[in-house]
Amino acid sequence: MTDAALRARYLDALGIDRWVLRRSPVVTANVAPASESDAWPALVERVAACTRCGLRAGCTQTVFGVGDRAAEWLVVGEAPGAEEDACGEPFTGPAGQLLDAMLAAIDLPRQSVFITNALKCRPPEDRDPRPAELAECLPYLAEQVAMVKPKIILAFGRVAAQNLLATDATLGALRGVVHHYGPSSIPVVVTYHPAYLLRSPGEKRKAWEDLKFARRTHAANDAVPS
Ligand code: URA
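Rules of the game
- Residues numbered from 1 in each chain as written.
- Predicted model: local features only at pLDDT ≥ 70, side-chain atom pairs only at ≥ 80, totals over all residues.
- Heavy atoms only, no water.
- 1 Å grid on protein atoms, 1.4 Å probe; cavity = no way out; pocket = protein on both sides within 12 Å on 5 of 7 lines; lining within 4 Å.
- Points joined across faces, edges and corners; volume = space filled by probe spheres on them.
- Helix = DSSP H or I, 4+ residues; strand = E, 2+ residues; numbered from the N terminus.
- Axes fitted to C-alpha atoms, helices over the stretch in contact; angles between N-to-C directions.
- Parallel < 35°, antiparallel > 145°, perpendicular 65-115°, else oblique.
- Left-handed = near helix turned anticlockwise from the far one by under 90°.
- Contact = heavy atoms within 4.5 Å.
- Near = heavy atom within 4 Å.
- Polar contact = N/O pair within 3.5 Å; in protein donor to acceptor, adjacent residues only side chain to side chain.
- Nonpolar A, V, L, I, M, F, W, Y, C, P; charged D, E, K, R; others polar.
- Pairing = 2+ DSSP bridges.

Enquirer: Which residues make up the layout of surface pockets, and what values go with them?
Expert: Roughly 600 Å³ of volume is contained in the largest pocket. Around the largest pocket, the lining comprises 26 residues; the ones closest to its centre are E78, A79, H193, A195 and R199. Only α4 (82-87), α5 (94-105), α7 (158-165) and α9 (194-199) provide two or more residues apiece to the lining of the largest pocket. Of all the elements, α9 adds the most residues to the lining of the largest pocket, at four residues.

Structure below.
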């Protein structure tokens, strides 16, 4: 099956109109600059050994993140669930399948982005992350952002969005606006969490608008030399 046919299938699965890209997909090298080659494994190790909050005692393993360490797109979710806790990779369960389809719909293969979560450990019974847990874990996300240096951050769901942007605003209020993160003012676009979309498929059309908005934001940012 051609890439175009595959994307059409993803869009059909999302229940949204097909959208034709004018640009070809961005291909990035999966190689970190040499000066950062030690910092990355050191961060992976620190996260794996972390006991800053109580969650590590109750989960199988930390879930650091996966994908292209030099990606232009950084995807941030909430926290690992059962499947992710078992295999050590974010977004591998049903929400992950929808996430992959959403990314593919804007011509982003899973391997071309970097995917991580606000929390690196699974909360028991998949309860909502607590503010104290997030406060301990978010510095790791900040380090990941500093190392990947993405051109855009896509925040999936309320927890990712509110914590990246340090706000209590609702997801609805955060959608459709370009926010900025960190000292480099990296553009952040917010959309619904795929787990929410699985429960509320009627919102998929709005998520599609968000994805197209993100794509435009990335393209506009791409045109400006960094
Ligand atoms: N939901 C998330 O937010 N992250 C995962 O990794 C899996 C499900």
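Now, onward.
Enquirer: Can you explain the environment of D100? Please cite residues and give values.
Expert: Summarising the element assignment, D100 is placed in helix α5. Counting along the chain gives eleven residues from D100 to Q111, while the straight-line C-alpha distance between them is 9.8 Å.

Enquirer: If you had to explain the packing of helix α2 (residues 39-48) against helix α6 (residues 131-148) to someone new, which residues and values would you point to?
Expert: Where α2 contacts α6, the two axes come as close as 11 Å, and the packing angle between them is 165 degrees. With respect to α6, the element α2 is oriented roughly antiparallel. Along this stretch, α2 crosses α6, giving a crossing that reads as left-handed. From α2, A39, W40, L43, R46 and V47 reach across to α6, where they touch Y140, E143, Q144, M147 and V148.

Enquirer: Explain the site of the ligand residue by residue, including any values.
Expert: In the vicinity of the ligand, the contacting residues are G77, E78, A79, E84, P90, F91, N117 and H193. The contact in question runs from an oxygen atom of the ligand to an N or O atom on the backbone of F91, over 2.9 Å. A distance of 2.7 Å separates an oxygen atom of the ligand from a polar side-chain atom of H193. Residue classes in the shell around the ligand are distributed as three nonpolar, three polar and two charged.

Enquirer: Could you give an account of the sheet that holds strand β4 (residues 152-156), naming the residues involved and the relevant values?
Expert: Taken in spatial order, the six strands line up as β1-β3-β2-β4-β6-β5 in an open sheet, and their pairing is mixed. The two strands at the open ends of the sheet, each matched to only one other strand, are β1 (66-67) and β5 (179-181). Alignment of strand β2 (residues 73-77) against strand β3 (residues 114-117), held across four bridges, turns out to be parallel. Looking at the pairing, L74 lines up with F114 of β3. Where α6 meets the sheet, it contacts β2, β3, β4, β5 and β6 (186-191), and its direction lies at approximately 170 degrees from that of β3. The strands touched by helix α10 (residues 204-222) within the sheet are β2, β4 and β6, with β6 carrying the most contacts at an inclination of about 170 degrees.

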